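The chain contents come next:
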Amino acid sequence: RAVAMSVSHSSRLNKLVREQYMRLPQDGLVQVTYVWIDGSGEGVRCKSRTLDKEPKSIEDVPEWNFDGSSTAQAEGSNSDMFLVPVCMFRDPFCLDPNKLVLCEVLKYNRKPAETNLRHTCKKVMDLVKDSHPWFGMEQEYTLLGINGHPYGWPDNGFPGPQGPYYCGVGADKVYGRDIVESHYKACLYAGVKICGTNAEVMPSQWEFQVGPCEGIEMGDHLWMARFILHRVCEDFGVVATLDPKPMTGNWNGAGCHTNYSTEEMRREGGLKHIEAAIEKLSKRHDYHICVYDPRGGRDNSRRLTGHHETSNIFEFSAGVANRGASIRIPRQVGQDGYGYFEDRRPAANCDPYAVTEAIMRTTVLNETGVETKDYTDH
């Protein structure tokens, strides 16, 4: 008996009919899709408008607005929010010359919305630009059917235990590769700095990597990669969740491991700078855990158990090639004496702006304790 896969109704619409319309000429007009982070700090929203010519830079894209009362970002009585374009990409869904534009959200008084964490991240990155911070983030996610059950899992019961799925090949080991490869191509087309992908330890769980990106670019590119993932999944009729522990029990959770280096760390003898940075991080573990998921560490507490390739949320640890540590120094870096390190604590649903900002505050700006410094006057 064929098992009915739990996909959305709209994914069953005739896509060949859609293609007929997508091929129609636009006569010089351009469709621009504005993308922003909503009041949950995790979800993305979008809407589109027509411009009369192709924008060549972000300055060519006008500000816009939206109803913040419908995105958990404003009261209905004062609901207009500003969309301020910050980063532009090619549109892999409507194709050239159309654009995807990532935006910051400002409130009616031009102050950043509560979930606009890019605003302070940009200030911090401007302050530390001489250290040339590079980041690479590994975004894990899980594919779910429209019923909330992991895609491809048996309707009643579970797949075999973890082991054959990580970087697996074969119809009995991997589910949803079409989605993964479509997302990869769409990101390359868009100009997102995607640098790899692999099947993860839990079946239906995948990972893509974005980087290396310098400074604020890390958050911009990861957020757009997430938007593109959700859009690709929409076409296929499934859901991508960034929940850090989508399945309880003996299954791996989902993180967003963050690889990081400064220019000093990448030079000959950089290992001592790596070790100094790790020492600073060890003294500020609680602060980092608080900003490494959108709920002040509550999401991560389901994932960082000390099992399934994680460190315990209450303890800080570091080691060479140790995937059970908070911070992993790759073996090659230990041998070479320079390079980068990996912070394994961020949850899959972290805000990359918050994560990269926190790392810079601690390792370069030498902040300590749980309070952060306000650099508005700089």
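These remarks concern the structure in this document. Along every chain, residues carry numbers that run from 1 in the direction the sequence is written. Given that the model is predicted, a residue must reach a pLDDT of at least 70 before its local features are reported, and side-chain atom pairs must reach 80 or more before they are shown or counted; all residues, however, enter totals for whole chains, interfaces and linings. Here the side-chain values reflect all heavy atoms present in the structure, with hydrogen atoms and water set aside.

Let us now look at the packing of helix α2 (residues 118–127) against helix α10 (residues 352–363). Structural elements are reduced to axes, namely lines fitted to C-alpha atoms, with helices fitted over the stretch in contact, and the angle between N-to-C directions of any two is expressed from 0 to 180 degrees. Only runs of H or I of at least four residues qualify as helices and only runs of E of at least two qualify as strands under DSSP, and these elements are numbered from the N terminus. At a closest axis distance of 9 Å, the pairing of α2 and α10 adopts a crossing angle of 35°. Considering the relative orientation of α2 and α10, their crossing is left-handed. Contacts between α2 and α10 involve R118, T120, C121, V124 and M125 from the first element and Y353, T356, E357, M360 and R361 from the second. Each residue gets one label: Ala, Val, Leu, Ile, Met, Phe, Trp, Tyr, Cys and Pro are nonpolar, Asp, Glu, Lys and Arg are charged, and the others, such as Gly, are polar. Of the residues contributing to the contact of α2 with α10, the split by class is five nonpolar, two polar and three charged. For any pair of crossing helices, the crossing counts as left-handed if the nearer helix is rotated counterclockwise from the farther one by less than a right angle, and right-handed if it is rotated clockwise. Residue contacts are defined here by distance: any two heavy atoms, one from each residue, within 4.5 Å place the two residues in contact.

With that settled, consider the environment of A358. Tracing the sequence through the fold places A358 in helix α10. Those residues in contact with A358 that lie beyond four places of it in its chain are Y287, H288, V291 and Y292.

Quick look at the pattern of salt bridges now. Definition used for salt bridges: Asp or Glu carboxyl oxygen within 4 Å of a side-chain nitrogen of Lys or Arg. Per the counting criterion, the structure on display carries 25 salt bridges. Between R45 and D38 there is a salt bridge; the shortest N-O distance is 2.9 Å. The residue R328 makes a salt bridge to E342 at a minimum N-O spacing of 2.6 Å. Of this pair, R328 sits in strand β12 (residues 327–329) while E342 sits in strand β13 (residues 341–343), and the two are 14 residues apart along the sequence. Accessibility classification places R328 together with E342 in one group, the buried group. Look at the salt bridges and you will find they share partners, linking E42, D243, R295, D299 and R302 into a network. Burial status follows relative accessibility: with a 1.4 Å probe on protein chains alone, a residue under 20% of its type maximum counts as buried, one over 50% as exposed, and anything between as partly exposed.

A few words on the environment of H9. By secondary structure assignment, the location of H9 is in the segment before α1 (15–22). With 228 residues separating them along the chain, H9 and G237 place their C-alpha atoms 7.3 Å apart.

Pairing analysis gives eight bridges linking strand β1 (residues 30–37) to strand β2 (residues 44–51), with the strands arranged antiparallel. Looking across to β2, one finds that V30 is bridged to L51. In this antiparallel pair of consecutive strands, β1 and β2, the connection spans six residues, and G41 shows a positive phi of 80°. In this analysis, strands are considered paired if DSSP registers two or more bridges between them.

Ranked by internal contacts, the top residues of the largest apolar core, which has 72 residues, are Y141, L143, M224, I228 and F341. Top contributing element to this core by residue count: helix α4 (residues 217–236), with 10 residues. Each of domain 1 (9–115) and domain 2 (125–364) accounts for three or more of the residues forming this core. Beyond its immediate sequence surroundings of up to four residues, F341 is in contact with T258, N259, Y260, M265, I274, A277, I278, L281, I327, R328, I329 and P330. Buried Ala, Val, Leu, Ile, Met, Phe, Trp, Tyr and Cys residues form a nonpolar core when they are joined through side-chain atoms within 4.5 Å. Ranked by size, the runner-up nonpolar core spans 14 residues in total, among them V30, Y34, V61 and V101. Those domain boundaries reflect an automatic or database domain assignment.

Here we take up the side chain of D91. Here D91 lies in the loop between β4 (80–90) and β5 (99–106). Positive: Lys, Arg. Negative: Asp, Glu. His and the chain ends are not part of the count. Within the buried core, D91 has no salt-bridge partner, and the shortest N-O distance to an opposite charge, that of R231, equals 6.2 Å. When sequence neighbours within four positions are dropped, the list of residues in contact with D91 reads T33, D96, N98, K99, L100 and Y189.

Before going further, it helps to spend a moment on the pairing of strand β6 (residues 134–144). For a regular strand, the rule is simple: side chains alternate between the two faces of the sheet. Taken across its 11 residues, β6 has 10 buried, putting it largely inside the fold. One ladder, built from eight bridges, connects β6 with strand β8 (residues 205–214); its direction is antiparallel. Residue pairing in the sheet places E140 in a bridge with E207 of β8. Judged from the six bridges that link them, β6 and strand β10 (residues 256–261) form a sheet pairing that is antiparallel. What sits directly across from W134, in β10, is S261.

By themselves, these observations are geometric and do not establish any function.
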